[in-house]
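Here is how the chains run, residue by residue.
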Amino acid sequence: MKKERNPWITDKPLYDHSISFDKNKLTSFMKELVDELESYDKIGDWFNYDIKFEILEAEGKNCIINERLTEEDYNILMKKYGWYV
């Protein structure tokens with residue numbers, strides 16, 4: 001019996017690998033989120049990637065408000081791991 005491929009798995013990269021970003025600028029929680037995004041990218045799991053990206057986006061906005069991340073760094077993160085900005 002042939003096993004069906006999970007429709008949430010893709011062979012396409014889920015983020016822009018050409019953009020570099022210093023993770024040391026991030027809080028420990030945001031570093032964990034980025035690491036999870038990168039692990040989902042490795043297996044092509046866009047469903048879980050999308051869920052974690054939403055959390056990264058919200059946490060990034062929170063860090064801007066609390067002056068733990070610059071708006072410029074946030075925009076670079078969104079360009080690297082997101083699909084806009």
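What counts and how
- Residues numbered from 1 in each chain as written.
- Predicted model: local features only at pLDDT ≥ 70, side-chain atom pairs only at ≥ 80, totals over all residues.
- Heavy atoms only, no water.
- Helix = DSSP H or I, 4+ residues; strand = E, 2+ residues; numbered from the N terminus.
- Buried < 20%, exposed > 50% of the residue type's maximum accessible area, 1.4 Å probe, protein only.
- Phe/Tyr/Trp six-rings, centres within 6.5 Å; stacked < 30°, edge-to-face > 60°.
- Axes fitted to C-alpha atoms, helices over the stretch in contact; angles between N-to-C directions.
- Parallel < 35°, antiparallel > 145°, perpendicular 65-115°, else oblique.
- Left-handed = near helix turned anticlockwise from the far one by under 90°.
- Contact = heavy atoms within 4.5 Å.
- Nonpolar A, V, L, I, M, F, W, Y, C, P; charged D, E, K, R; others polar.

*Asks:* Tell me what's going on with the environment of K79, and back it up with residues and numbers.
*Replies:* Within the element layout of this structure, K79 appears in helix α3 (residues 71-81). Residue classification places K79 among the partly exposed residues on the basis of a relative accessible area of 44%. Spatially, the C-alpha atom of K79 lies 8.4 Å from that of Y15, the residues being 64 residues apart in sequence.

*Asks:* Give a detailed account of the packing of aromatic side chains, specifying residues and quantitative values.
*Replies:* The way to describe two aromatic rings as a pair is by their centre distance and the angle between their planes. The final tally for this structure, using the stated rule, is two aromatic pairs. Relative to Y81, the ring of Y15 has its centre 4.8 Å away and its plane inclined at 40°; by these criteria the two rings are tilted. Residue Y15 is found in the segment before α1 (28-43), and its partner Y81 is found in helix α3; the two are separated by 66 residues along the sequence. Neither Y15 nor Y81 differs from the other in exposure class; each is buried. On the numbers, 6.2 Å between centres and 75° between planes, the contact of W46 with F47 is edge-to-face. Residue class for W46 comes out partly exposed when judged on its relative accessible area of 37%. Taking relative accessible area as the criterion, F47 reaches 30% and is therefore assigned partly exposed.

*Asks:* Just give me the short version of the packing of α1 against helix α2 (residues 46-65), but keep the residues and values in it.
*Replies:* It is the contact of α1 with α2, at a shortest axis distance of 9 Å, that shows an interaxial angle of 155°. One finds that α1 runs roughly antiparallel with respect to α2. You can see that α1 and α2 cross each other, and the crossing is left-handed. Judged by residue contacts, F29, M30, L33, V34, E36, L37, Y40 and D41 of α1 engage N48, Y49, K52, F53, I55, L56, E59, G60 and C63 from α2. In terms of residue class, the contact of α1 with α2 is made up of eleven nonpolar, two polar and four charged.

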